[in-house]
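Reading the structure
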Amino acid sequence: MSANLKKQFFQPYTGEKARISRAYDYLILVLALFLFIGSFHLHFALTVGDWDFWIDWKDRQWWPLVTPLMGITFPAAVQMVMWEKFRLPLGATLCVAALSIGTWIARIFAYHYWNFFPINMVLPSTMLPSALVLDVILMLSNSLTVTAILGGSAFALLFYPSNWPIIGMFHEPVQYANGQLTVADLFGFQYIRTGMPEYLRIIERGTLRTYGQYATPLSAFCSALLCTLMYTLWWYIGKWFATVRYLTKI
Amino acid sequence: MKTLFIKFMVLLSLALSLNTQTANAHGEKALEPFIRMRTIQWYDVQWSTQKFAVNEEIIVSGKFHVAEDWPVSVPKPDAAFLNISTPGPVLIRTERYLNGKPYTNSVALQPGGDYSFKIVLKGRLPGRYHIHPFFNLKDAGQVMGPGVWLEIAGNADDFRNEVKTINGEVIDMETYGLSNGIFWHIFWGALAAGWLLWWVRRPLFIARYRMLQAGLEDELVTKQDKLIGKVILIGVPLLVLGANWMTINQYPKAIPLQASLDQILPLSAQVNAGVVEVDTLKAEYRIPERAMTFLVKINNKSDKPIQIGEFATANVRFLNKAVSMPISDNTDTMIAPEGLSVDNPAPIESGEERTMTIIAKDALWESEKLDGLIRDSDSRIGGLLVFYDSSIGERFISSITAPVIPKFN
Ligand SMILES: [Cu+2]
């Protein structure tokens, strides 16, 4: 049967069938939301971890490198499924929105109410602007290659400028103990973390330091390059997971 | 699917327990005894008070000697952080001093060095907590100092923590930047929700899958969708860069997170100061009696007769009853008041060199899990031997060390 014939004979669902199909939509959406809130948040906490928990870990070198790189994983896989199977360009936004919800829940309950940290010390970062751009690039290009290269890069490059309006004011200097600290550093000193000594923070180390003042743009471009690869990798992971075995009879 | 779910739940509970570790990791006795005895040797730790209210400040101060015989399996203390064990920030650390110098970062400690410290803490959450000063040692763990129960009274809502930035602006650390952060999350959240709803309002999975299979791709992504996509593609980066540019201009003095260590040199020698020299010839631990016997050669180079008053290690103090020195200790340090005895109680005269046997005997060796030493890969003991002159006017401290030989009967 040719494509044109297929088109001609296509009958949209109506009546009861349409209602059931719509109910199924909502069921899947709600399940997906909870699944992503749980799994993506867990994945993120285990991989990015401290870089995203604490205001005094959000440095200009490692944080903009690691966070987008780990943040693009689930969006790539879910985008693949949503786009290839349903032409829905919302995989990345859905994932990152779920991550944001999960992160906020954890920060408020686990960090603030359970462990007494002020919420501003554990403010989550946002990747929603990155995710929106990633989704529309996929929709407009309909191409894995273009999305991986342009979308992956945009995802990484937009990360630090999206978050500077949130964290910038925490980088105001404070004179303290005969030296200068940022407000963020002062949080780390004042609000006692028993399991986390100052030396555990991995900030400003390694060869990227050589470029001095340009640490952030360099990290962001490095992250952009890695994100293109990571995107492609997770696209195929998504493909491997998404089987249409159960859909053949519809 | 079921196993996947179980795996997921296990991982989830694991992640949650990771989150809460900060609250309960006390581990005073968890660390191997040789690390507790031969790294940071605390003494004279004092708490200014144990009952205070929210917003009131207390001081914990004390001294420590960094053992010369630092265990080879523990990395040298090139970055050590003097910390406070608390169940979360129930109090905040407002000031910290090492050898009188204020400091905020980690420091390199020198084996054999002597240090005095002072930490100022301010009550934040009412309650009763067990609190210790302790050292985070890189790749080794937490070497606890003597703890106390602190009782914080008052109302958590009264807590204030105001700080002046370098511009002279006074900020409240409890709420600084919070509403701004929430604003940006809501702003981007609303845009994302709009994009999701734009798609979700149409029939989704089954309908779209069927249409895609039927080749009706053009109807799935309309011209209008594409137009909105283009607006997002241009608009979102413009918004991001614009907001970023405004923030940069609003906070032109912003600096990167600070990453330096502090540099603080040890005090002039307090322990092993060369006045009373001690050489530990032998150490034996008799398991049934729970008694550590030291054979030591003591050379009194001071101008006074001296007596052995105490052996202290890993927050356990074995005292010599025969020497009645003042015990000013309001911490939970374990004290064996009659734990120390010597074979020759006569004072060691000025200029005298004497070899003598000292026995530190108490069940605390076992209850504090220090006897595990004899089964460890490093079974060397360390601790502070404290001498007093006969008028209890002056004190001489030696940090001693020796391999321990177990005696099973
Ligand atoms: Cu304790």
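Here we summarise the structure given alongside this text. (Residues numbered from 1 in each chain as written. Chains lettered and ligands numbered in written order. Predicted model: local features only at pLDDT ≥ 70, side-chain atom pairs only at ≥ 80, totals over all residues. Heavy atoms only, no water.)

Turning to the overall build of chain A, a few remarks are in order. Each helix and strand counted, chain A has 11 helices and two strands in total. Principal axes of the C-alpha set define a box for chain A whose edges measure 80 × 40 × 25 Å. The buried share of chain A, reckoned over its 250 residues, is 64%. Excluding contacts between residues fewer than 6 apart, the proportion of contacts in chain A whose partners are at least 24 apart in sequence is 73%. For chain A, the computed accessible surface area is about 10100 Å², with 68% contributed by carbon and sulfur atoms. Looking at charge distribution, chain A has the averaged site of its 17 positive side-chain charges lying 15 Å from that of its 12 negative ones. (Helix = DSSP H or I, 4+ residues; strand = E, 2+ residues; numbered from the N terminus. Buried < 20%, exposed > 50% of the residue type's maximum accessible area, 1.4 Å probe, protein only. Contact = heavy atoms within 4.5 Å. Areas by Shrake-Rupley, 256 points an atom, 1.4 Å probe, with all protein chains shown as cover. Lys, Arg positive; Asp, Glu negative; His and termini not counted. Charge placed at Lys NZ, Arg CZ, Asp CG, Glu CD.)

Moving on, we get to the sheet that holds strand β6 (residues 101–102) of chain B. Residues and elements named next belong to chain B. The strand order across the open sheet formed by five strands is β1-β3-β7-β5-β6, and the pairing between neighbours is antiparallel. Only two strands of the sheet have a single partner each, and these edge strands are β1 (40–47) and β6. One ladder, built from seven bridges, connects strand β5 (residues 91–98) with strand β7 (residues 114–123); its direction is antiparallel. By the bridge assignment, Glu95 is partnered in β7 with Val120. (Pairing = 2+ DSSP bridges.)

A word on the packing of helix α5 (residues 73–86) of chain A against helix α11 (residues 215–241) of chain A. Residue and element names in this part refer to chain A. Between α5 and α11, the least distance of the axes is 7 Å, while the angle of their chain directions is 50°. Here α5 is positioned oblique relative to α11, judged by the angle of their axes. In terms of crossing hand, the pair formed by α5 and α11 is right-handed. Mapping the contact onto sequence places Thr73, Phe74, Ala76, Ala77, Gln79, Met80, Val81 and Glu84 in α5 and Met230, Tyr231, Trp234, Trp235, Gly238 and Lys239 in α11. Split by residue class, the contact of α5 with α11 holds nine nonpolar, three polar and two charged. (Axes fitted to C-alpha atoms, helices over the stretch in contact; angles between N-to-C directions. Parallel < 35°, antiparallel > 145°, perpendicular 65-115°, else oblique. Left-handed = near helix turned anticlockwise from the far one by under 90°. Nonpolar A, V, L, I, M, F, W, Y, C, P; charged D, E, K, R; others polar.)

All names here are of chain A. With 14 residues, α5 should cover 20 Å at 1.5 Å per step; its first-to-last C-alpha distance of 20 Å lies within 8% of that length. Within α5, 12 of the 14 residues are buried, which leaves it mostly tucked inside the rest of the structure. Within α5 the residues assigned to the buried category are Thr73, Phe74, Pro75, Ala76, Ala77, Val78, Gln79, Met80, Met82, Trp83, Lys85 and Phe86. Arg87 lies just past α5 and shows a positive phi near 50°. (Expected span 1.5 Å × (residues − 1).)

So, on to the pattern of salt bridges. Residue and element names in this part refer to chain B. Inspection of every chain in the model, using the stated rule, returns 23 salt bridges over all chains. Taking the shortest distance from any N to any O, the salt bridge between Arg290 and Glu366 comes out at 3.6 Å. Note that Arg290 is positioned in the loop between β13 (276–286) and β14 (291–300) and Glu366 in helix α7 (residues 364–367), a separation of 76 residues in sequence. On the accessibility criterion, Glu366 (40% relative accessible area) is partly exposed. (Salt bridge = Lys/Arg side-chain N within 4 Å of Asp/Glu carboxyl O.)

A complete count under the given rule lists 34 aromatic pairs over all chains for this structure. A centroid spacing of 4.8 Å and a plane angle of 25° characterise the contact between B:Phe318 and B:Trp365, whose relative ring orientation is stacked. Remark: B:Trp365 occurs in helix α7 and B:Phe318 occurs in strand β16 (residues 316–320); sequence separation between them is 47 residues. The residues B:Phe318 and B:Trp365 share a single accessibility class, namely buried. Through pairs of rings, three or more aromatic residues link up here, namely B:Trp42, B:Phe64, B:Tyr115, B:Phe117 and B:Phe135. The ring of A:Tyr111 has A:Arg107 lying over it, and the distance from NZ or CZ to the ring centre is 5.9 Å. Here the guanidinium or amino end of B:Arg93 rests over the ring plane of A:Phe189, the centre of that ring lying 5.1 Å away. (Phe/Tyr/Trp six-rings, centres within 6.5 Å; stacked < 30°, edge-to-face > 60°. Lys NZ or Arg CZ within 6 Å of the ring centre and 35° of its normal.)

Here we take up the pairing of strand β17 (residues 334–342) of chain B. All names here are of chain B. In this structure, β16 lies alongside β17, joined through four bridges in parallel fashion. Opposite Arg317, over in β17, you have Ile335 as the bridge partner. Bridge count for β17 against strand β18 (residues 353–361) is three bridges, and the pairing is antiparallel. Residue pairing for β18: Leu340 is matched across the bridge by Ala360.

Moving on, we get to the side chain of A:Thr67. Residues and elements named next belong to chain A. Position of Thr67 relative to the elements: it lies in helix α4 (residues 63–71). Within the structure, the side chain of Thr67 is placed 2.6 Å from the backbone oxygen of Trp63, a separation counted as a polar contact. With residues near it in sequence (within four places) discarded, Thr67 still touches Phe44, Val48, Asp52, Ser125, Met127 and Phe159. (Polar contact = N/O pair within 3.5 Å; in protein donor to acceptor, adjacent residues only side chain to side chain.)

This paragraph deals with the state of the cysteines. Structurally, a disulfide amounts to a covalent bond that connects the sulfur atoms of two cysteines. All names here are of chain A. According to the stated counting rule, one finds zero disulfides over all chains in the structure shown. Its sulfur unpaired, Cys95 is 14 Å from the next cysteine sulfur, which belongs to Cys227. The buried category is assigned to Cys95, whose relative accessible area is 0%. Not part of a disulfide, Cys227 finds its nearest cysteine sulfur in Cys222, a span of 9.9 Å. (Disulfide = S-S within 2.5 Å.)

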